[in-house]
Amino acid sequence: MQMNFTKGSRGVAQARAAPIVSHATVNARSRPMVVKCKAMGLMTSSTTISTTQNQVQRAAVSAGTQVLSSWDLQDTEPRVSYELVQGALARWTTRAPGGPTPPTCVLVHGILGNRRNMQSFARMLVEGFPSWQVLLVDLRCHGESASLSKQPPGPHTVATAAVDILTVLRDLKLFPHVLVGHSFGGKVVMSMVSQFGQRLPRNVQVWVLDSLPGEVRSGLADGRDRPADLIQHLRAMPLPLASRADVTAQLERAGFSTAVARWAATSTRPLPGSPSSTHNLGWSFDLAGIQQLYASYEATCMWPLLEAPPQGLKLDFVKAQHSTFRWGGGDEARISALGHRVHVLPDAGHWVHTDNPLGLFDILAPSFGGAVDLRQQRPMSPLRA
């Protein structure tokens, strides 16, 4: 089914269904597959038609997804770099702002990351809920924001990182329905709502992914892979960096896990004027600024927000089953006692949106309009012999 916008009683963009592809079209496109699979005894005709229809629906929805940069939105001097991922039915820009504004979600990455980390999950959300749009940002000192000609004013803290995103939303005249923050980004989205005082302009759902309101307990149980140690080590590595492979090897020798070492190496880029794209590298972020941000993350306490939440806030936490972010000391029970929910995501480590994206989608889906609508993304049922 395809969906078209109507305007609800509260002025919020809603969706109504309309056919996307006729059954005749599906049958015509699927006929060769039906004949072949039935001849092999792999599936029934009804199963094939249903599977093929889901594939066609998925392709149609995915094809309608678009990404708008700050330049597309006529923002020539953004405070931080960002992009807007829009579902097939969320057609809105600052160039043509008329009509209902699509419901908006903001996804915020963690420390040493960038908005690319969240792109796949953003697309999954808007393919499942095509009337929505998702704002992805590069936090200050990260990604493309680190190379903007005009940098946001200091200091570099959780609170100022939250102000950056609020400024982008104000400039776009958007007020989000959902805020999702991973790890460091979890405190950023909590800080965003805390800056409104005791009453929010609109009801907002906040999701904090594998992070806690207070004490930061990151890294492996044996003490390896602590972000603070990684940041300090990256700052000490002399430039230029020989290659990504050399960065990975250096970090492994320093005791960091292979996964973390390889991940850190992806944040390199050729230095200006370098003739090679794989050698003479530098970092794609501002490590001095990131060190300040992480110190603020460790020092920032958001428990007062949970104890006295503003009117209109709904706050939920997602705990990864195999997280390297160590939950303990009664934090989970305290969150629940204060009236907020903790959801456990199975089969996932700290990188919840890449380790188990479908499971995370299921947990977040009610915030995007109710029942899960991502059947076209599910793995196909096993073919029966």
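Before reading further, recall that the structure is shown in the block above.
Here the structure is a predicted model, which is why all the values come from computation and not from measurement. (Residues numbered from 1 in each chain as written. Predicted model: local features only at pLDDT ≥ 70, side-chain atom pairs only at ≥ 80, totals over all residues. Heavy atoms only, no water.)

Here the focus is the environment of V193. Take V193: it is sitting in helix α5 (residues 184-194). Classification of V193 by relative accessible area gives buried; the value is 3%. Along the sequence, V193 and L305 sit 112 residues apart, while their C-alpha atoms lie 8.7 Å from each other. With sequence-adjacent residues up to four places away left out, V193 is seen in contact with L179, L200, V204, V206, L305, P310 and L313. (Helix = DSSP H or I, 4+ residues; strand = E, 2+ residues; numbered from the N terminus. Buried < 20%, exposed > 50% of the residue type's maximum accessible area, 1.4 Å probe, protein only. Contact = heavy atoms within 4.5 Å.)

Here we take up the environment of D138. For D138, the location among the structural elements is in the loop between β6 (133-137) and α4 (158-172). Sequence-wise, D138 and N117 are 21 residues apart; in three dimensions their C-alpha atoms are separated by 9.9 Å. Looking at D138, its side chain comes within polar contact range of the main-chain nitrogen of E144, at 2.9 Å. (Polar contact = N/O pair within 3.5 Å; in protein donor to acceptor, adjacent residues only side chain to side chain.)

Our next topic: the pattern of salt bridges. Enumeration over the complete set of coordinates arrives at 11 salt bridges. Residues D171 and R170 are paired through a salt bridge, measuring 3.4 Å at the closest nitrogen-oxygen approach. By relative accessible area, which is 39% here, D171 ends up partly exposed. By relative accessible area, which is 58% here, R170 ends up exposed. (Salt bridge = Lys/Arg side-chain N within 4 Å of Asp/Glu carboxyl O.)

Before going further, it helps to spend a moment on unusual backbone geometry. The omega angle of the peptide bond from G154 to P155 is 0°, so this bond is cis rather than trans. Within the secondary structure, P155 is located in the loop between β6 and α4. Across the junction of L239 and P240, the peptide omega takes the value 0°, indicating a cis bond. Mapped onto the secondary structure, P240 falls in the loop between α6 (227-236) and α7 (244-253).

Bringing the packing of aromatic side chains into the picture now. A full pass over the atoms with the stated rule returns eight aromatic pairs. With 4.6 Å between their ring centres and 55° between their planes, W132 and F368 make a pair best called tilted. Linking W132 in the loop between α3 (119-128) and β6 with F368 in the segment after α13 (357-364), this pair joins segments that are 236 residues apart in sequence. For W132, a relative accessible area of 7% corresponds to the buried category. Both rings, one in F175 and one in F196, keep their centres 5.8 Å apart while their planes meet at 70°; by these two values the pair is edge-to-face. Taken together, the residues span a long stretch of sequence, with F175 in the loop between α4 and β7 (178-182) and F196 in the loop between α5 and β8 (199-209) at a distance of 21 residues. (Phe/Tyr/Trp six-rings, centres within 6.5 Å; stacked < 30°, edge-to-face > 60°.)

Attention shifts here to the side chain of D210. Relative to the helices and strands, D210 is located in the loop between β8 and α6. Comment: no salt bridge for buried D210; closest opposite-charge side chain is K319, at 7.9 Å. Side chain to side chain, D210 and H350 meet in a polar contact 2.6 Å long. (Lys, Arg positive; Asp, Glu negative; His and termini not counted.)

Right, let's talk about the side chain of S191 for a bit. As for its placement among the helices and strands, S191 is situated in helix α5. A relative accessible area of 6% places S191 in the buried class. Separated by 3.2 Å, the side chains of S191 and Q195 make a polar contact. What S191 contacts, discounting residues up to four positions off in sequence, is V158, A159, A162 and M302.

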